[in-house]
Number of protein chains: 2
Amino acid sequence: MPCFLILRLPLFLVFGGQLYSPEIEKLLKQKKVKIGSRVRITKGRGSYGGILMPQTDLGNPNSIVLKLDNGYNIGVAYDKKLKLRKLKGGKKVRFRPSRLTIRPDPTKPMVSMLGCGGTIASRIEYTTGAVFPVFSPNDLLLSFPQLKDIANLRGHKLFDLLSEDITLEHWQVIANETAKAIDKGADGVVLMHGTDTMHYTAAALSFMLQGLPVPVVLVGSQRSSDRGSSDNAMNLTCAVTAAAKADIAQVMVCMHASINDDYCHLHAGTKVRKMHTSRRDAFKSVNVLPYAKVSYIEKPGSIEYLREDFNRRNGGRLVVDDKINSNVALVYTHPNIKPEFIDSLRAYDGVVIAGTGLGHMPTNPSSDNLAKSILPSLKSLIAIGIPVVIAPQTIFGRLNMNVYTTGRMLNEIGVIGNGCDWTPETALVKLMWVLGHTKEPNRVRDMMLKNYVGEISERTDTR
Amino acid sequence: MPCFLILRLPLFLVFGGQLYSPEIEKLLKQKKVKIGSRVRITKGRGSYGGILMPQTDLGNPNSIVLKLDNGYNIGVAYDKKLKLRKLKGGKKVRFRPSRLTIRPDPTKPMVSMLGCGGTIASRIEYTTGAVFPVFSPNDLLLSFPQLKDIANLRGHKLFDLLSEDITLEHWQVIANETAKAIDKGADGVVLMHGTDTMHYTAAALSFMLQGLPVPVVLVGSQRSSDRGSSDNAMNLTCAVTAAAKADIAQVMVCMHASINDDYCHLHAGTKVRKMHTSRRDAFKSVNVLPYAKVSYIEKPGSIEYLREDFNRRNGGRLVVDDKINSNVALVYTHPNIKPEFIDSLRAYDGVVIAGTGLGHMPTNPSSDNLAKSILPSLKSLIAIGIPVVIAPQTIFGRLNMNVYTTGRMLNEIGVIGNGCDWTPETALVKLMWVLGHTKEPNRVRDMMLKNYVGEISERTDTR
């Protein structure tokens, strides 16, 4: 097992200055205001009082960051009409990088931690113009000392983004950095990621990382660390456990499994979806069981496998296949959806339609129907070589386009997806990935219907 | 309690003829083929053998209906190249209207049954060019004799559509026919409806039927009546029970509650969603409990209330407010969604965006982000007076756009929905209904944020 001196890793984001724009720096100087001063900013109808915070290297340098008395940070965009007044009071704001000295334990696995954003690894709420979005293994150990009992940690921050702003290019960066970490001997990789689009990223990595020899575990936090109910400690502990010990060489999402702080689920990267805006157990496996449970309370660190159909750790060679095409649209059908809406998609290289029920959309075979069919528009798209893929807007369940006329009609015109049980999100990501490899319609169809990484489950329990 | 002689109600769809187009009639005559003959149809690469069925008054008269040997019906569109050959064999196909004589029981409530489509009330699978899509209370009682112990039934068929083909105009017809039935003394109304878009219709009726004095219950069936596992008998029995006896004067969906045939749930019309392509318990209440359980096995016909926040039966006056605007788009955001996609929505009167997490979309506040923000496009839509409403693509949970920068930015530009917990479908239907009343942006906002019929729940259990 490889062993690295953690302290030799660089701190990737040592806070070096205020990082404000020259205009703001000038204003601050003029008003004799320093980081930590209490100030009031008035702009238009808004007025905000709080402590002046440093801007970060990722924040907008033309925006002034205040910590309000309620503890939230806000950023106020600078303009010439903005008024800033120094108030009495204030406090010392200083960044203290971790000076912890931890000797790696050669008997423990090495887990590589890569930061993509999300509150999970932040010592301070990062999204509102974050004050110290610092990430290093040592900083992590400062907040979560229990991790050193599980594995030796190394890693760095790739970027620090709200996950709704993660793009296909970020997926490629994550895939390649993950491969690098594995190449350097990591026994598992943990990716800290915002939760909003974590399931999109997990699906993308599942297709991009082929022949994975070790676990790749995405983890996030539904509640930020300044809240008592934060799920970051448990999720992170379970994720590091999974990366260090789970005999599952797949891309997974590790998140709270229940409403209690008792265990996490390891979900297959292509079969998981965020199903709640705020609950800690928001992530659910769709149409399959999670790979495993990771215990946090009862038998800390124990892994209970719930399935057998996954790849085990192996000595194989990882291939990164990160070709991807962003020119794909996702459309949900609904009553009175307009054919023009479908017609407007001709500039795309592919279209995913989330249809109703078993795989239906308004096609109106009956002549006295009052709505317009979208069938001719779909036919036209397919005729000019744009693949149209269908997924169920019910989220759960499998498409069966043999049962009803509508499904059979869609099948006949060449809509791809009959028999599949992918979520709309996984279908979208897969079509993006497939179209990164070919635009030839028959090849696209073959690749879409090939089951690469369990994105099409073998059977659905329909009861 | 009003009492009607059921036998005096007309059969609305007595099968009168073949209802084929003159071209097809000519072909059949020429080939000496009659309804019930065994034939083979060859068209292009396809060849189908089966029994010739009559076309229905709702089917496409230019399409030939065959019952295949596997029991499924198919419709083959006529064209001049189609070849039809008479084979040996065949059977007598005759429509036998019900001759049941049932005396209404003056001690029982009167339930009005309106047919909108769906397999639930069909004696034969109706969707593939249905042979006898007959609907009358007597026909229902033939299939489900237990219903007469619950209530006196009357009613008729409004239309017979696959629910994916139901339109806003159908919602209006259903609303007005429901009002008529209540006006004529129904103690409750059951609407038989296909399941694919049943939750859209339920939401629409919830807004359209104001001051409802009695229950209005939508019911469907996930498995057609020719399958042993059909849920039609239980769902219909529970729906008639609810319409006859439940002290809930709301629009509801009555469907299988579990994987067993033991009870149904009565879901609030605005807070329910089809969550599985095929399971019988596909319909789930979102962010609230169902109004009630209707027992089928243990205590047949008993209703257990699970909430108290609904209107009771009352003597009030029902007002049908069916103004609605179909010119509304629904968009799901995802990584790399294009600003051009949002820009293309300028011809709509309103837009619903299903965002990620607590109410986010790619807005990229950070300058080093590689993707394009859709914020300017949304701003432009709002600037030209197009209301933009947000709903959570997680389906479950409540929007909270105060927590993160992205949410606050969307709030600031005027996106409507902060604090709401509607599904994307209910948000879409509500915006359609609101835009039927006004296009004035402030009035649209006020109406959207007003809680008309429980579509915004008072609190969410987020744990």
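Predicted model only: the values in this text are computed from it and were never measured. Position labels on residues start from 1 in each chain and follow its written sequence. All chains are assigned letters beginning with A, and all ligands numbers beginning with 1, in the order in which they are written. Per-residue local features are limited, in this predicted model, to residues with pLDDT of at least 70; the limit for side-chain atom pairs, both in listing and counting, is 80 or more; totals at the level of whole chains, interfaces and linings are taken over all residues.

**Focus: the nonpolar core**
Okay, so step 1: To define a nonpolar core, we join buried Ala, Val, Leu, Ile, Met, Phe, Trp, Tyr and Cys residues through C-beta atoms within 7 Å and take the resulting set. The exposure label follows from counting other C-beta atoms within 10 Å of a residue's C-beta, where the C-beta atoms are placed from the backbone and the thresholds are 20 or more for buried and 12 or fewer for exposed, leaving partly exposed in between. Grouped together as the largest cluster of nonpolar side chains are 237 residues, with contacts concentrated most on Val217, Met252 and Cys254 of chain A together with Val217 and Cys254 of chain B.
Okay, so step 2: When neighbours within four sequence positions are excluded, methionine 252 of chain A is seen to be in contact with Pro215, Val216, Val217, Leu218, Ala242, Leu266, His267, Ala268, Gly269 and Tyr291 of chain A.
Okay, so step 3: Grouped together as the second largest cluster of nonpolar side chains are ten residues, Ile35, Leu52, Val65 and Leu66 of chain A included. By the convention adopted here, residues make contact when the C-beta atoms placed from their backbones lie within 7 Å.

**Concerning the domain arrangement of chain A**
Residue and element names in this part refer to chain A.
Okay, so step 1: Delimitation of the domains relies on an automatic or database domain assignment. The domain boundaries assigned to chain A delineate domain 1 (22–90), domain 2 (110–320) and domain 3 (328–449).
Okay, so step 2: Of note, the centres of domain 2 and domain 3, computed from C-alpha atoms alone, are 32 Å apart.
Okay, so step 3: Elements are defined by DSSP. Helices are runs of H or I of four residues or more, strands are runs of E of two residues or more, and each kind is numbered from the N terminus. With five residues, helix H4 (residues 198–208) is the largest single contributor of residues to the side of domain 2 that touches domain 3.
Okay, so step 4: Polar here means any residue outside two lists: the nonpolar Ala, Val, Leu, Ile, Met, Phe, Trp, Tyr, Cys and Pro, and the charged Asp, Glu, Lys and Arg; Gly therefore counts as polar. In terms of residue class, the side of domain 2 that touches domain 3 is built from six nonpolar, three polar and one charged.

**Quick word on the environment of proline 213 of chain B**
Okay, so step 1: Topologically, proline 213 of chain B is positioned in the loop between strand E9 (209–210) and strand E10 (216–219).
Okay, so step 2: Note: C-alpha distance between proline 213 of chain B and lysine 379 of chain B (166 residues apart in sequence) is 43 Å.

**Things to note about the sheet that holds strand E18 (residues 328–332) of chain B**
Residues and elements named next belong to chain B.
Okay, so step 1: We call two strands paired when DSSP finds no fewer than two bridges between them. Pairing is parallel in the open sheet, where three strands are placed in the order E18-E19-E20. Only two strands of the sheet have a single partner each, and these edge strands are E18 and strand E20 (388–392). The sheet shows a mean angle of 20 degrees between the axes of neighbouring strands, taken without regard to direction.
Okay, so step 2: Inspection of the sheet shows E18 paired to strand E19 (residues 350–355) by five bridges, in the parallel sense. Following the sheet pairing, valine 328 is matched in E19 by glycine 350. Lines fitted to the C-alpha atoms define the axes, with helices restricted to the stretch that makes contact. Angles between their N-to-C directions range from 0 to 180 degrees.

**Concerning the pairing of strand E6 (residues 110–115) of chain A**
All names here are of chain A.
Okay, so step 1: Of all six residues in E6, six are buried; the element is thus mostly enclosed.
Okay, so step 2: Burial along E6 is two-sided: the face carrying Met110, Ser112 and Leu114 and the face carrying Val111, Met113 and Gly115 are both buried.
Okay, so step 3: Relative to strand E7 (residues 152–157), E6 is paired through six bridges, and the arrangement is parallel. By the bridge assignment for E7, leucine 114 is matched with histidine 156.
Okay, so step 4: Two elements, E6 and strand E8 (residues 188–192), share five bridges in a ladder whose sense is parallel.

**Remarks on the environment of glycine 385 of chain A**
Okay, so step 1: Its location among the elements puts glycine 385 of chain A in the loop between helix H7 (375–383) and strand E20 (388–392).
Okay, so step 2: In this structure the C-alpha to C-alpha distance between glycine 385 of chain A and aspartate 421 of chain A, which are 36 residues apart in sequence, comes to 24 Å.

**Describing helix H8 (residues 405–413) of chain A**
At 3.6 residues per turn, the α-helix brings residues three or four places apart onto the same side.
Okay, so step 1: If you check which residues of H8 of chain A are buried, you get Thr405, Thr406, Gly407, Met409 and Leu410 of chain A.
Okay, so step 2: Residue glycine 414 of chain A follows H8 of chain A closely and has a positive phi angle near 105 degrees.

**Some remarks on the pairing of E10 of chain B**
Residues and elements named next belong to chain B.
Okay, so step 1: Side chains Val216 and Leu218 project from E10 onto one buried face, and the interleaved Val217 and Val219 project onto a second face that is buried too.
Okay, so step 2: Across four bridges, the pairing between strand E8 (residues 188–192) and E10 is parallel. By the bridge assignment for E10, leucine 191 is matched with leucine 218.
Okay, so step 3: In this sheet, strand E11 (residues 251–256) lies alongside E10 in parallel orientation, the contact comprising four bridges. Looking at E11, one finds that valine 217 is bridged to methionine 252.

**Regarding the confidence of the model for chain A**
Note that predicted coordinates carrying low pLDDT should not be read in detail.
Residue and element names in this part refer to chain A.
Okay, so step 1: Predicted confidence across chain A gives a mean pLDDT of 86, with 83% of residues reaching 70 or more.
Okay, so step 2: Here residues 1–17 scores under 50 on pLDDT; set against residues more than four positions off or in separate chains, the count is 41 contacts.
Okay, so step 3: Taken together, the stretch residues 124–134 has pLDDT below 50 and engages in 44 contacts with residues farther than four places along the chain or on a different chain.
Okay, so step 4: Both scores are available for the predicted complex, with the pTM at 0.81 and the ipTM at 0.81. Residue-level confidence of the predictor is what pLDDT reports, using numbers from 0 through 100.

**Observations concerning unusual backbone geometry**
Residues and elements named next belong to chain A.
Okay, so step 1: In this structure, asparagine 336 takes a positive phi of about 65 degrees despite not being glycine.
Okay, so step 2: Mapped onto the elements of the fold, asparagine 336 is located in the loop between strand E18 (328–332) and helix H6 (339–343).
Okay, so step 3: With 22 C-beta atoms packed within 10 Å, asparagine 336 lands in the buried category.
Okay, so step 4: The phi dihedral of isoleucine 395 is positive, around 75 degrees, even though this residue is not glycine.
Okay, so step 5: Structurally, the position occupied by isoleucine 395 is in the loop between E20 and H8.

**Quick look at helix H8 (residues 405–413) of chain B**
Okay, so step 1: Here H8 of chain B has its buried residues at Thr405, Thr406, Gly407 and Leu410 of chain B.
Okay, so step 2: Where H8 of chain B is buried, its residues touch E20 of chain B.

**Topic: the sheet that holds strand E12 (residues 263–268) of chain B**
Residue and element names in this part refer to chain B.
Okay, so step 1: Read across the open sheet, the eight strands follow the order E7-E6-E8-E10-E11-E12-E15-E16; overall the sheet is mixed. The strands lining the two open edges of the sheet, one partner per strand, are strand E7 (152–157) and strand E16 (303–305). Put simply, the sheet's adjacent strands are angled 25 degrees from each other on average, direction ignored.
Okay, so step 2: Docked against the sheet, helix H4 (residues 198–208) engages E10 and E11, running at close to 155 degrees with respect to E11.

**Thoughts on the packing of H4 of chain B against helix H9 (residues 424–434) of chain B**
The description of two helices packed together rests on the angle between their axes and the distance between the axes.
Residues and elements named next belong to chain B.
Okay, so step 1: Between H4 and H9, the shortest axis-to-axis distance is 9 Å and the interhelical angle comes to 40 degrees. Between H4 and H9, the angle falls in the class oblique. Relative to H9, H4 is oriented so that their crossing is right-handed. Between H4 and H9, the residues in contact are His199, Tyr200, Ala203, Ala204 and Phe207 and Glu425, Thr426, Val429, Lys430 and Trp433, respectively. In this scheme, roughly parallel covers angles under 35 degrees and roughly antiparallel covers those over 145, while 65 to 115 is roughly perpendicular and the rest are oblique. For any pair of crossing helices, the crossing counts as left-handed if the nearer helix is rotated counterclockwise from the farther one by less than a right angle, and right-handed if it is rotated clockwise.

**Here's the deal with the environment of lysine 430 of chain B**
Residue and element names in this part refer to chain B.
Okay, so step 1: By the element assignment, lysine 430 lies in helix H9.
Okay, so step 2: In this structure lysine 430 comes out as buried when scored by C-beta crowding, with 28 C-beta atoms within 10 Å.
Okay, so step 3: Between the C-alpha atoms of lysine 430 and glutamate 25, which are 405 residues apart in sequence, the distance is 46 Å.
Okay, so step 4: Setting aside residues no more than four positions away along its own chain, lysine 430 makes contact with Phe207, Trp422, Met448 and Glu455.

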